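A closer look at the structure
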Amino acid sequence: MKHPVLILHGESDVVTSPAMSQELYNRCSSIDKTLKIYPTCWHNLLVGEPEEISKNIFQDVIDWIESHTKPL
């Protein structure tokens, strides 16, 4: 993968190991890559987490998208 990539993972995920997201990040050939692992979060980062954490995750995604798009 050579395009910009954002990888998000919950550190407490028991469905998919956070180590796999780290491995994806390590193997990704893009020079523009970001890995965010959220402590205490589970598999579905946007459902079931405390509201404040979900807001922070949404904001991280918005910030990343904004940093990778040109203004109109």
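The preceding data block contains the structure.
Now for a quick tour of the structure. All figures in this text were calculated on a predicted structure; none of them were measured in a lab. (Residues numbered from 1 in each chain as written. Predicted model: local features only at pLDDT ≥ 70, side-chain atom pairs only at ≥ 80, totals over all residues. Heavy atoms only, no water.)

1. A look at the side chain of Ser 54
Its location among the elements puts Ser 54 in helix α2 (residues 51–67). Ser 54 has contacts with Leu 45, Leu 46 and Glu 49, leaving out every residue within four places of it along the chain. (Helix = DSSP H or I, 4+ residues; strand = E, 2+ residues; numbered from the N terminus. Contact = heavy atoms within 4.5 Å.)

2. A few points about the packing of aromatic side chains
Taken as a whole and assessed by the stated rule, the structure comprises zero aromatic pairs. Against the face of Tyr 25 rests Lys 33, its NZ or CZ located 4.6 Å from the ring centre. (Phe/Tyr/Trp six-rings, centres within 6.5 Å; stacked < 30°, edge-to-face > 60°. Lys NZ or Arg CZ within 6 Å of the ring centre and 35° of its normal.)

3. Observations regarding the environment of Phe 58
As for its position among the elements, Phe 58 is in helix α2. A residue is classified by how much of its surface remains accessible, and Phe 58, at 43% relative accessible area, is partly exposed. Residues Phe 58 and Leu 45, spaced 13 residues apart in sequence, show a C-alpha to C-alpha distance of 9.4 Å. (Buried < 20%, exposed > 50% of the residue type's maximum accessible area, 1.4 Å probe, protein only.)

4. Things to note about the pattern of salt bridges
Scanning the entire structure with this criterion turns up three salt bridges. In this structure, the salt-bridge partner of Lys 36 is Asp 60, at a minimum N-O distance of 3.6 Å. Placement of Lys 36 in strand β2 (residues 33–38) and of Asp 60 in helix α2 is noted, with a sequence separation of 24 residues between them. The partly exposed category is assigned to Lys 36, whose relative accessible area is 30%. Classification of Asp 60 by relative accessible area gives partly exposed; the value is 23%. With its nearest N and O atoms 3.4 Å apart, the salt bridge here joins Lys 55 to Glu 51. Of this pair, Lys 55 and Glu 51 are both found in helix α2, four residues apart, which corresponds to roughly one turn of the helix. For Glu 51, a relative accessible area of 57% gives the class exposed. (Salt bridge = Lys/Arg side-chain N within 4 Å of Asp/Glu carboxyl O.)

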